[in-house]
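The chain contents come next:
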Amino acid sequence: MSPDPVLAVTDLVKHFPVGTGMPGARPVVRALDGVSFELRAGETLGIVGESGCGKSTLARTIVGLERPTSGSVTFRGRDVHAERGRSLAALRRKIQIVLQDPYSSLNPRRAIRDTLLQPFEIHPDVLPRNKRLARVKELCDLVGLNPEHLDRYPFQFSGGQRQRIGIARALALEPEVIVCDEPVSALDVSIQAQVVNLFQRLQSELGLAYVFIAHDLSVVRHMSDRIGVMYLGKMVELGPGAEVYDTSYHPYTQALVSAVPVPDPTADRSGRRLLQGDPPSPVSPPSGCRFRTRCWQATDLCAQTSPELAVPDGAAAHEVACHFPLLPNAS
Amino acid sequence: MSADLQPCLSVRDLSVEFDTRDGVVPAVQGMSLDVHPGRTLAVLGESGSGKSVTAQAIMGLLDSPPARVTSGSVTFEGEDLLTVSPQRRRAVAGEGIAMVFQDALSALNPVYTVGSQLAELLRVRRGMKRREAWTRAVELMDQVRIPAPAERAKDYPHQFSGGMRQRIMIAMAVALEPKVLIADEPTTALDVTVQAQIMELLAQLQQDFSMGMILITHDLGVVAEVADEVCVMYAGRRVEDASVAQVFKRPGHPYTRGLLRSIPNPAAADDELWAIPGAPPNLLHLDGGCAFRQRCDFAIEVCASTRPELRPVGDDRLSACHRAEEVLDVA
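Residues numbered from 1 in each chain as written. Chains lettered and ligands numbered in written order. Predicted model: local features only at pLDDT ≥ 70, side-chain atom pairs only at ≥ 80, totals over all residues.

Enquirer: Quick question: what am I supposed to make of the overall build of chain A here?
Expert: Each helix and strand counted, chain A has 10 helices and 11 strands in total. Taken against the 2.2 N^0.38 rule, which gives 20 Å for 331 residues, the C-alpha radius of gyration of chain A at 21 Å falls within 12% of a compact globule. Projecting the C-alpha coordinates of chain A onto the three principal axes gives extents of approximately 65 × 55 × 40 Å. Every one of the 331 residues in chain A was classed for burial, and the buried ones make up 45%. When contacts within chain A are restricted to residue pairs at least 6 apart in sequence, long-range pairs at least 24 apart make up 63% of them. (Helix = DSSP H or I, 4+ residues; strand = E, 2+ residues; numbered from the N terminus. Rg over C-alpha atoms; globule rule 2.2 N^0.38 Å. Buried ≥ 20, exposed ≤ 12 C-beta atoms within 10 Å, placed from the backbone. Contact = placed C-beta atoms within 7 Å.)

Enquirer: Whenever I open this one, the overall build of chain B confuses me. Can you help?
Expert: Counting its secondary structure elements, chain B contains 13 helices and 12 strands. Here the C-alpha radius of gyration of chain B, 21 Å, is about what a compact globule of 331 residues would show, namely 20 Å. Considering only C-alpha atoms, chain B reaches an extent of 70 × 50 × 45 Å along its principal axes. Long-range pairs, those at least 24 residues apart, make up 63% of the contacts in chain B between residues at least 6 apart in sequence.

Enquirer: I keep staring at helix H3 (residues 112-122) of chain A and nothing clicks. Help me out?
Expert: Three or four residues apart is the spacing at which side chains of an α-helix point the same way, because the helix has 3.6 residues per turn. Residues and elements named next belong to chain A. For H3, the full list of buried residues reads Ile112, Thr115, Leu116, Pro119 and Phe120. Each buried residue of H3 sits inside an arc of 155 degrees when the element is viewed along its axis, so together they form one side. Structural note: H3 exposes Glu121 and Ile122 on the side pointing more than 90 degrees away from its buried face. For H3, the elements touching its buried residues are helix H4 (129-143) and helix H5 (159-171). (Arc of directions from axis to C-beta.)

Enquirer: What exactly am I supposed to notice about the nonpolar core here?
Expert: In globular proteins that are soluble, nonpolar side chains generally tend to be buried together. One finds Ala168, Val179 and Val211 of chain A together with Leu118, Ala137, Ala171 and Val230 of chain B to be the most contacted residues of the largest nonpolar core, which totals 189 residues. Beyond its immediate chain neighbours, meaning those up to four positions away, Ala137 of chain B contacts Gly115, Leu118, Ala119, Leu122 and Ala153 of chain B. (Core = buried A, V, L, I, M, F, W, Y, C linked by C-beta atoms within 7 Å.)

Enquirer: Just checking my understanding: could you explain the interface of chain A and chain B for this structure?
Expert: Interfaces are often sized by the amount of accessible area the parts lose when they come together. Counting residues at the interface gives 31 residues for chain A and 36 residues for chain B. Within the residue set of the side of chain A that touches chain B, elements represented by two or more residues are helix H6 (189-206), helix H7 (217-223) and helix H9 (251-259) of chain A. Among the elements that make up the side of chain A that touches chain B, the one with the highest residue count is H6 of chain A (8 residues).

Enquirer: Mind showing me how you'd approach the pairing of strand E2 (residues 23-35) of chain B here?
Expert: Put simply, side chains in a regular strand alternate between the two faces of the sheet. Residues and elements named next belong to chain B. Strand direction decides the pairing type here: strand E1 (residues 9-20) and E2, joined by 9 bridges, are antiparallel. Bridged to Val16 within E2 is Val28. A loop of 2 residues connects E1 with E2, the two strands running antiparallel in sequence. (Pairing = 2+ DSSP bridges.)

Enquirer: What's the story with the pairing of strand E9 (residues 226-231) of chain A in this structure? I'm lost.
Expert: Residues and elements named next belong to chain A. A large share of E9 lies buried, amounting to 6 of its 6 residues. Both faces of E9 are covered, namely the face carrying Arg226, Gly228 and Met230 and the face carrying Ile227, Val229 and Tyr231. Across 6 bridges, E9 lies against strand E10 (residues 234-240) in antiparallel orientation. Considered in E10, the bridge of Val229 is made with Glu237. Joining the antiparallel neighbours E9 and E10 is a turn of 2 residues, in which Leu232 adopts a positive phi near 45 degrees.

Enquirer: Looking at this model, I keep getting lost on the packing of H4 of chain A against H5 of chain A. Mind explaining?
Expert: What describes two packed helices is the angle between their axes and the distance between those same axes. Residues and elements named next belong to chain A. Between H4 and H5, the shortest axis-to-axis distance is 9 Å and the interhelical angle comes to 130 degrees. In terms of orientation, H4 lies oblique with respect to H5. In this structure, the crossing between H4 and H5 has a hand that is right-handed. Contact residues: Leu139, Cys140, Leu142 and Val143 in H4; Arg164, Ile167, Ala168 and Leu171 in H5. Among the residues making up the contact of H4 with H5, the classes are represented as 7 nonpolar, no polar and 1 charged. (Axes fitted to C-alpha atoms, helices over the stretch in contact; angles between N-to-C directions. Parallel < 35°, antiparallel > 145°, perpendicular 65-115°, else oblique. Left-handed = near helix turned anticlockwise from the far one by under 90°. Nonpolar A, V, L, I, M, F, W, Y, C, P; charged D, E, K, R; others polar.)

Enquirer: Looking at this structure, how should I read the environment of Glu308 of chain A?
Expert: Secondary-structure assignment places Glu308 of chain A in the loop between helix H10 (300-304) and strand E11 (319-320). Sequence separation of Glu308 of chain A and Ser51 of chain A is 257 residues, and the distance between their C-alpha atoms is 22 Å.

Enquirer: Explain the packing of H3 of chain A against H4 of chain A here, please?
Expert: Residues and elements named next belong to chain A. Taken N-terminus to C-terminus, the directions of H3 and H4 make an angle of 115 degrees; their axes are 10 Å apart at the nearest point. Between H3 and H4 lies a crossing of right-handed hand. Listed contacts from H4 to Arg113, Leu116, Leu117 and Phe120 of H3 are Arg132, Val136 and Leu139. Counted by class, the contact of H3 with H4 contains 5 nonpolar, no polar and 2 charged residues.

Enquirer: So what exactly am I meant to see when it comes to the sheet that holds strand E2 (residues 28-40) of chain A here?
Expert: Strand pairing in a sheet relies on backbone hydrogen bonds. The paired strands run either parallel or antiparallel. All names here are of chain A. Pairing is antiparallel in the open sheet, where 4 strands are placed in the order E2-E1-E4-E5. In this open sheet, the two strands that pair with only one neighbour each are E2 and strand E5 (78-79). Of the pairings in the sheet, the one linking strand E1 (residues 5-17) to E2 comprises 10 bridges and is antiparallel in character. Paired with Val9 across the strands is Phe37, a residue of E2. Against the sheet, helix H1 (residues 55-62) engages E1, E2 and strand E4 (70-75), with an angle of about 60 degrees to E2.

Enquirer: Where do I start with the environment of Leu217 of chain A in this structure?
Expert: The residue Leu217 of chain A is located in helix H7 in this model. It is 9.1 Å that separates the C-alpha atoms of Leu217 of chain A and Gly46 of chain A, two residues lying 171 residues apart in sequence.

Enquirer: What's the story with the sheet that holds strand E4 (residues 67-76) of chain B in this structure? I'm lost.
Expert: Reading across from one edge, E2-E1-E4-E5 (chain B) is the order of the 4 strands in this open sheet, with antiparallel pairing throughout. Every interior strand has two partners, whereas the edge strands, E2 and strand E5 (79-80) of chain B, have only one.

Enquirer: What is the right way to read the environment of Pro312 of chain B from this model?
Expert: Within the secondary structure layout, Pro312 of chain B lies in strand E11 (residues 311-312). A C-alpha to C-alpha distance of 21 Å links Pro312 of chain B and Val28 of chain B, two positions 284 residues apart in sequence.

If you want it as structure tokens, here you go:
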């Protein structure tokens, strides 16, 4: 891949125990089951998939809010989950997160000034005390908030402004990677475009790399250089955004793309492929390929062997995890 | 719009106010709409635009206080539901108008099985015997394509996935074969794959029963896929009313135009998105001018002094904009 991955996720596994039983015999939710990818500096990797596919667990594990069951997340070669003490703190500054709900991710009893000063209290050696307020005002300018509103409380702001506060907080420690977990889906339609534009402007001004998680495929496509498609804890397709979207190899990606409502009443909807049913439970995923229970071309092979994410032979240009990828000249 | 058809539900000049500590909020002002058998009217708007309050006023679900219906009529089968007695309203509207809510988990009773909730409805409304009602409940669950309905009827709401719960809500809504179905953001909480299934199911049932449907949504893609007519709301008022083809081809209000322009265009992924500036107004502080003018790129002096009335702007469509003709021309 690129010579300079800023973030590398390698074979990441996260299982959550559920229910009761002897240790080791308790059933587990396989939220992430071997996810690998690299993120280059200044790049946006979009992650899409249905709820329960492990998108948010991935976000939380990357920033260190969850410890992986196995596998690693490395930032410029240093393992996020192996570092301790000072070096961990220094590492954490570099990877920040913006959460979905700007209503519940801000402390309602803290004025915005205090919310934005908090990162510097947690990481006091970043900036001397007397320079912090100036930096907070600078952050406000950067995300389009009025610095005169610093004494206000979250309830005095609209949803879009609150998301700007959340973004300013994530930018405070000058990160290189921002993990965005559904950052626009709680916002009103007329506000979403403003925030998407803000993310893009910040990226070009500050050279940020984004892991951009969202279920709105049109927004992900607009934002992303590459797109990864997840299904039940696995990455099933990974490649350049336009390619994954327009020439999907994986049957699941095709179904996902065709389910997106097209904002054009004259669009041709005859070729649409509707998936039946819901994703299976991540506690007991199907054997072999996890998508085979909803796949229209599954065979015995799919039940026996789990396909690996790889560039298939033939006319393929990006990675897919399928025994029978839908290559352009084959179908 | 189609004036030759007899509407099955007519709302005329409906206004709803809420008394709050900070003052009177005019949530809905002068709302009118017609629902025709077998057709779908989409009510499009963002949060606070009054679309859900309109639906709740039609259904008689508003708590009073704080809500007050200050004017208007809701005519269903020749009777004004806003003036008849509560008993009469329940007899008429309870049979003939049904509603599907966004959040199916909170709309279902957690301590009864879904089968018994469906059967209770049929026993109370149709006077069915216990066993007959249960059989019919299982039939209904089959009709909304829940697999193994006879077994699943004995399950509780929490044992179903979000999509399956929404199917049960829909089964309850169509159990009495209503003339009008109001769907308030029925798929907002669901994944796109499940959303596509639910919208298909609603369209099928609408055909089977020849129901008129009001679809409340903020999703332009969903509107384009299922609606026949569109009514756009902003700050409690109707700002545009036209057929779905008209709205998407040539929007007649700057707000509608802005929403359509802010949809990411796959062909221009590198460009900045068009974004409507600012945020929706606080309904407590509306003045005599157009509520959209601060965010409008068509605004002129008259917009501040005079609120534009909804008026015909050519071929069977309405717009509440002083410059609607110019908006139509640039679109």
